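Each chain, written out:
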Amino acid sequence: MSLTSDPPIDKETVQDPVTDYSGLTVVPVRHPWRWVAVAATAVLLAQFLHGLVTNPGWEWDVFARFFTAATILKAVWVTLQLTFYGTVLGFALGIVLAFMRLSASPFLRAVAHAYIWAFRSIPLIVQLLFWFNLAYLYQELQFGIPFGPGFFTFDTMNLVGAMSAAVLGLALHQAAYAAEIVRGGVLAVDSGQLEAAAALGIPRLRQLRRIVLPQAMRSILPNAANEIISLFKGTSIVSVMAIGELFYQVQVVYGRNGRVVPLLMVATVWYILLTTVLSVLQYYVERHYAKGAVR
């Protein structure tokens with residue numbers, strides 16, 4: 001028996017207005033401005049490609065002749081060497097500086113912070129020229145008792161040449177940025193995991209190697225890869241020291257024959273190709289360390 005004054009409702013004859021879509025017409029969402037942007041971008045891209053192909057100023061025959069020349073390939077090898085040594089030494093020192101900043105010792109934290117502050121503040125070209133002219137300040141280096149007699153002596157002029165000064169400058173500069181990248185990655189790991197590992201009696205070194213670093217690498221790798229690519233392109237700055245890397249060698253060649261644009265394109269294409277290879281390697285390394293985190 002109904003407790004209200006409303007008449008009974010026949011549920012079979014009433015349709016739910018929310019679920020009855022039979023009378024609706026589905027109209028797809030239109031994006032006219034999106035198509036306008038696509039058309040404008042396609043036209044600009046087509047014009048750019050057409051200019052690359054038809055403009056005689058690019059001198060693609062000169063580009064093809066020098067792209068695989070022996071001097072250019074040797075310069076590419078020098079560039080890769082500078083990148084490799086700068087990366088390895090820079091990140092090795094950067095890891096030490098990162099854990100110094102994470103240390104409980106105020107002195108170690110202060111030293112690491114001062115190093116990072118100094119080398120991030122001084123332009124790279126100034127650092128390179130300073131190390132290149134190290135013999136002006138120190139004619140020889142001695143190794144022995146601090147503030148006492150020296151046992152081994154090295155002539156600075158012969159010890160620090162152009163290539164070693166470039167590697168030293170690039171590595172020390174890179175270490176300041178690598179330290180902050182590594183420190184940020186370590187701090188991204190949940191501290192509760194270290195507390196749990198310590199409660200289980202796992203040694204600190206094993207905690208770092210098996211728990212902290214595998215997880216920190218997920219945060220470290222993208223930024224580290226960007227720094228390596230920036231270092232690879234930044235090696236062109238050592239041309240001020242007359243080192244035969246890619247950009248310097250290209251300058252030498254177009255200084256002789258006057259073909260500036262095609263020789264610059266030679267350097268540009270080499271930088272693009274090698275950066276692409278580094279990006280592909282970055283993708284696979286990141287995918288390796290993302291196991292268990294990305295489904």
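Whatever comes next refers back to the structure up there.
Here is a short report on the structure shown in this document. (Residues numbered from 1 in each chain as written. Predicted model: local features only at pLDDT ≥ 70, side-chain atom pairs only at ≥ 80, totals over all residues. Heavy atoms only, no water.)

**What to know about the overall build of the protein chain**
Worth spelling out the cut-off: The helix and strand labels rest on DSSP assignments: H or I over at least four residues marks a helix, E over at least two residues marks a strand, and numbering proceeds from the N terminus. For every residue, the accessible area obtained with a 1.4 Å probe (protein chains only) is divided by the maximum for its type, and the residue is called buried under 20%, exposed over 50%, and partly exposed between those limits. The contact rule is simple, with two residues in contact once any of their heavy atoms fall within 4.5 Å. Here, Shrake-Rupley sampling with a 1.4 Å probe gives the accessible areas, and only protein chains in the shown set may cover a residue.
Per the secondary structure count, the protein chain includes 12 helices and 2 strands. Within the span of the protein chain, comprising 295 residues, buried residues form 29% of the whole. Considering only residue pairs separated by 6 or more positions, the protein chain has 71% of its internal contacts joining residues 24 or more positions apart. Total accessible area on the protein chain is roughly 19800 Å²; 67% of this is exposed by carbon and sulfur atoms.

**With respect to the packing of aromatic side chains**
Spelled out, the test is: Note on ring pairs: Phe, Tyr and Trp rings are taken, using the six-membered ring of Trp, and paired if centres are within 6.5 Å. Classes follow the plane angle, with under 30 degrees stacked, over 60 edge-to-face and the rest tilted.
The final tally for this structure, using the stated rule, is 9 aromatic pairs. Look at Phe 130 and Trp 131: their rings are 5.2 Å apart centre to centre, the planes differ by 75°, and that puts the pair in the edge-to-face class. Relative accessible area serves as the criterion here: at 39%, Phe 130 is assigned to the partly exposed category. Joined through ring pairs, the aromatic side chains of Trp 58, Trp 60, Phe 63, Phe 67 and Trp 270 make up one cluster.

**Quick word on the side chain of Gln 174**
Assignment of secondary structure puts Gln 174 in helix H8 (residues 162-187). Sequence-distant contacts of Gln 174, that is, excluding residues within four places in its chain, are made with Gly 86, Gly 90, Phe 91, Glu 227, Ile 228 and Leu 231.

**Digging into the layout of surface pockets**
Over the atoms a probe the size of a water molecule is rolled, and this reveals where empty space is left. The condition that has to hold: Detection works on a 1 Å grid of protein atoms alone, calling trapped sets that fit a 1.4 Å probe cavities and calling open sets with protein on both sides within 12 Å along at least five of seven lines pockets, with lining residues defined by an atom within 4 Å of a point. Grid points are joined across faces, edges and corners, and a volume is the space filled by probe spheres set on the points. Under the grouping applied here, Gly and all other residues not named as nonpolar or charged are polar, the nonpolar ones being Ala, Val, Leu, Ile, Met, Phe, Trp, Tyr, Cys and Pro and the charged ones Asp, Glu, Lys and Arg.
Estimates place the volume of the largest pocket at around 320 Å³. Lining the largest pocket are 13 residues, with Phe 99, Val 186, Leu 194, Arg 204 and Val 212 sitting closest to its centre. Broken down by secondary-structure element, the contributors of at least two residues to the lining of the largest pocket are H8, helix H9 (191-199) and helix H10 (204-234). Here the lining of the largest pocket takes 5 residues from H10, the largest share from any one element. Considering only residue class, the lining of the largest pocket consists of 9 nonpolar, 2 polar and 2 charged. Put simply, the second largest pocket is a space of about 220 Å³. If you go around the second largest pocket, the residues you meet are Leu 80, Thr 83, Phe 84, Thr 87, Val 88, Ile 228, Phe 232, Leu 274, Val 277 and Leu 278. Mapped onto the lining of the second largest pocket, the elements with two or more residues apiece are helix H3 (70-101), H10 and helix H12 (260-289).

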